[in-house]
Amino acid sequence: MALVTLPPSRRIDDAARRARPVALAHERALPLAGELGALVPGARLRRGSVTTVEGGLGSGATSVMLRLVAAATTAGEWTAAVDLAGTLGGLAAGEAGVVLERFAVVRRVPPARWSTVVAALLDGVGLVVADVPVGLRAGDARRLVARARERGTVLVAVGPWPAEAALHLRAEGSVWRGLGRGAGLLADRALHVQVEGRGAAVRGTVDRLAEAG
Amino acid sequence: MTERTGCLWLADWPVVAARSRDDALLGVPVVVLERGLVRAASAEARADGVVPGLRRREAESRCPGLSVVEADERGEARAFEAVARAVEAIVARFELERPGLLLFPTRGPSRYFGGDAALVERVLAAVGEAGFTGARMGVADGRFAARLAARHPVVVPPGESVAFLAPCPVAVLGDTELAGLLAHLGLRTLGAFAALPAPAVLARFGVEGRRAHRLARGLDERPVAPVSPPPDLVEQHELDPPAERVDVAVFAGKRLADRLLERLAALGLTCTRVIVEAETEHGERWSRCWRHEAALTPAALAERVRWQLEGWLAHEGALTGGLTLLRLVPDEVVPASGRQLGFWGGDQAAADRADRALARVQGLLGPDAVVTPLPRGGRTPAERVGWVAWGEPRAPAHQTAHQTAAARSPAEQPAWPGTVPGPSPARVFEPPLPAELLDVRGRAVAVSSRGDPSAPPAALRCAALPGGGGEVEAWAGPWAHDLRWWDGRSRRRRALWQVIANGVACLVSVERGCAAVEAVYD
């Protein structure tokens with residue numbers, strides 16, 4: 001860092017101008033660390049935006065979702081997950097880095113009340129992850145997008161989302177290491193994730209997400 | 001100088017209010033629950049050892065045949081209005097602390113009725129006529145001593161309150177931390193605590209300790225010169241058209257409460273006593289004084305306004321018309337010491353917002369629909385996580401050393417013997433999904449009692465998996481779980497396999513030749 005000598009009369013004014021705080025980008029977005037952060041443009045999730053995660057059972061979508069939740073809880077936000085199937089593994093959440101005290105799971109949601117529940121959650125927490133029910137109407141989805149934008153909450157929709165979204169993540173399966181034929185253990189894997197989004201860059205490439213354990 | 005105060009206390013008011021609404025609860029053990037914890041218990045339940053603070057299951061186990069009622073604050077406030085009205089006929093000025101507790105200065109009424117004992121008799125008779133038995137009243141110097149006197153109940157002669165307070169245990173101060181600390185130091189009674197010099201107490205225990213010390217010495221809670229409220233600091237609101245329904249009046253009351261506290265905060269003051277006044281369209285005026293131990297927060301003040309309005313409007317024959325005017329008068333204000341929030345506004349506000357949103361969802365779907373994971377000991381992924389309903393304490397009151405360890409992050413836990421090794425699966429199925437684990441010849445894989453598989457698995461079929469399952473690419477196992485081997489009837493033997501079929505890694509269990517998918521490493 002070079003020291004600049006200024007003429008005495010302007011030193012204070014210039015120093016004050018340089019020291020003025022700028023609007024910090026991290027206040028408007030959630031930082032994403034690790035390999036997932038390396039894939040997402042800007043390595044952050046903008047507050048008020050919608051992200052979709054797609055992938056069937058076994059493709060790794062739940063792990064991707066848990067990493068987003070972990071990013072939010074470690075940043076100090078409260079998160080809620082709407083788990084329609086009721087099968088979310090709590091321990092896997094802990095291992096993905098989620099702070100379990102700030103993580104709530106809503107189960108047994110009747111499909112007719114799904115929109116009401118998600119809207120209520122958007123009002124209170126910082127990040128909402130919701131399994132999208134079959135047959136969700138586009139109008140309901142758009143209303144939730146508007147609400148998320150208004151409240152500054154990040155909405156992560158897991159499943160086919162009929163409205164717009166800023167970021168699309170698709171989990172395309174993993175390659176596991178460690179398990180042999182009759183011996184070994186599941187040790188770690190490479191999870192393939194495809195990232196597509198508006199904003200700074202549009203990426204269609206498939207990247208490897210090496211995950212320990 | 002403390003003034004003579006009388007305290008009227010109706011024990012277990014939530015229970016009394018519940019019984020006044022439902023006659024079937026008379027004479028049976030009753031418990032009032034709030035958010036899963038016992039808030040008040042009837043005398044019959046207390047005899048069986050049920051105390052406030054227990055969980056519902058524990059209360060039910062201590063007292064079989066217990067009737068359980070959910071807390072209804074509005075009903076309690078409404079019912080207490082009848083008691084307040086009965087006391088109003090005898091005592092001109094009184095303060096309500098909460099439904100069930102009433103305090104008033106006794107100098108005037110006592111002189112009028114000829115002594116403290118006569119006053120107590122009158123008040124109890126009036127409350128009895130209103131239909132509430134079991135009321136207790138005590139008189140002493142100062143509010144703290146009066147509240148303790150009501151528990152006995154006893155009339156403490158003037159000047160003897162200090163002697164009355166001396167043998168009481170330090171737990172009555174209401175501050176469990178301070179009481180624990182004093183007990184450790186060997187000061188078990190208020191008398192012993194009061195004997196300490198005041199500057200030393202302030203130095204050692206801080207402002208809270210000084211406050212408790214003043215109470216123990218029989219002095220009043222606040223120094224004698226409170227700030228007198230600025231005369232124009234009255235918030236009022238005219239309701240046009242007159243409000244006949246409770247919710248309209250309550251909404252207006254809430255806005256008034258917020259405005260009043262905002263104005264007080266702008267002056268650096270906060271309110272501990274407030275008078276709620278209402279006028280009806282026929283010119284009647286009703287007023288009631290509410291007091292709070294600590295400074296009134298907007299939520300607490302709005303709650304008291306709501307209780308009072310419920311009490312007035314819900315009582316038949318009380319108000320002959322709708323309410324036209326609602327007024328809040330701060331009666332006692334103190335300088336606001338403020339609450340130091342975190343540097344960036346703190347996350348208390350965020351926690352409150354999240355709590356409200358989740359409580360609202362619980363209201364929509366039921367309390368068990370919103371849960372939070374709590375790691376605990378176990379062998380299978382399903383056993384290793386407990387789901388605690390939101391709002392319930394995450395840690396049970398009594399914890400074994402392992403449970404305390406388990407409550408830390410999963411990485412810090414000591415290993416539970418027999419756990420399935422490796423990463424935890426992201427999707428856990430309870431009950432497990434039926435499946436078929438077949439060998440090369442298409443027969444189901446079985447595991448002998450020694451843990452030997454009959455043949456290596458070659459295919460996994462399960463309807464829920466993508467593609468219905470597929471060929472087994474890699475596998476490991478079986479890990480044998482012998483459950484309850486000591487009990488002939490409930491013993492189970494289960495074998496667990498880690499299987500990768502069609503690119504999907506699953507945890508499969510085989511029991512008596514039937515396979516099931518327990519979890520998927522999604």
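Only a predicted model underlies this, so the values are computations on that prediction, with no experimental measurement involved.

*Asks:* Now, about the sheet that holds strand 6 (residues 101-105) of chain B: what can you tell me, with residues and values included?
*Replies:* All names here are of chain B. With mixed pairing, eight strands are arranged side by side in an open sheet as 7-1-6-5-10-9-11-8. The sheet terminates laterally at strand 7 (135-141) and strand 8 (235-243), the two strands that pair on one side only. Each strand axis lies, on average, 25 degrees off the axis of its neighbour in the sheet, ignoring direction. With seven bridges joining them, strand 9 (residues 269-280) and strand 10 (residues 285-291) adopt antiparallel strand pairing. Looking at the pairing, Val 274 lines up with Trp 290 of strand 10.

*Asks:* Can you explain the interface of chain A and chain B? Please cite residues and give values.
*Replies:* Accessible area lost upon the coming together of the parts serves often as the stated size of an interface. Residue-level contacts link 46 residues of chain A with 50 residues of chain B. Where the side of chain A that touches chain B is concerned, the elements lending two or more residues are helix 4 (61-74), helix 5 (90-95), strand 5 (103-107), helix 6 (114-124), strand 8 (167-179) and strand 9 (184-197) of chain A. Along the lines of polarity and charge, the residues of the side of chain A that touches chain B split into 23 nonpolar, 17 polar and six charged. The pairing of strand 5 of chain A with strand 12 (residues 370-375) of chain B spans two bridges and is antiparallel.

*Asks:* Tell me about the environment of Gly124(A), and please be specific about residues and values.
*Replies:* By the element assignment, Gly124(A) lies in helix 6. Sequence spacing of Gly124(A) and Trp78(A) is 46 residues, and the spatial spacing of their C-alpha atoms is 8.4 Å.

*Asks:* An account of the packing of helix 1 (residues 13-21) of chain B against helix 4 (residues 73-88) of chain B is requested, with residue identities and associated values reported.
*Replies:* Residues and elements named next belong to chain B. Between helix 1 and helix 4, the least distance of the axes is 9 Å, while the angle of their chain directions is 85 degrees. One finds that helix 1 runs roughly perpendicular with respect to helix 4. Taken together, the residues of helix 4 that come into contact with helix 1 (itself represented by Trp 13, Pro 14, Ala 17, Ser 20 and Arg 21) are Gly 75, Glu 76, Ala 79 and Phe 80. Of the residues belonging to the contact of helix 1 with helix 4, the class tally is five nonpolar, two polar and two charged.

*Asks:* Tell me what's going on with the sheet that holds strand 4 (residues 67-70) of chain B, and back it up with residues and numbers.
*Replies:* Within a sheet, each strand pairs with its neighbour through backbone hydrogen bonds, oriented either parallel or antiparallel. Residue and element names in this part refer to chain B. The sheet built from three strands is open, its strands ordered 3-2-4 with mixed pairing. The sheet is open, and its two edges are formed by strand 3 (37-41) and strand 4, each paired on a single side. Neighbour to neighbour, the strand axes of the sheet diverge by 40 degrees on average, direction disregarded. Pairing between strand 2 (residues 30-34) and strand 3: four bridges, direction antiparallel. Bridge assignment links Val 32 to a residue of strand 3, and that residue is Ala 40. Helix-sheet contacts for helix 1 involve strand 2, strand 3 and strand 4, and the interaxial angle to strand 2 is about 110 degrees.

Criteria and cut-off values
Every chain is numbered on its own, with residues counted from 1 as its sequence reads. Whichever chain is written first is A, and whichever ligand is written first is 1; the rest continue in order. Per-residue local features of the predicted model are confined to residues with pLDDT of at least 70, and side-chain atom pairs are confined, for both listing and counting, to 80 or more; whole-chain, interface and lining totals are unaffected and use all residues. Each pair of strands is called paired provided DSSP finds at least two bridges between the two strands. Helix and strand assignments come from DSSP, with helices taken as H or I runs of at least 4 residues and strands as E runs of at least 2, each series counted from the N terminus. Here an angle of 0 to 180 degrees is reported between the N-to-C directions of two axes, which are lines fitted to C-alpha atoms, with helices fitted over the stretch in contact. Once C-beta atoms are placed from the backbone, any two residues with those atoms within 7 Å are in contact. In this classification, the charged set is Asp, Glu, Lys and Arg, the nonpolar set is Ala, Val, Leu, Ile, Met, Phe, Trp, Tyr, Cys and Pro, and all remaining amino acids, among them Gly, are polar. To sort the angles, those under 35 degrees are grouped as roughly parallel, those over 145 as roughly antiparallel, those from 65 to 115 as roughly perpendicular, and the leftovers as oblique.

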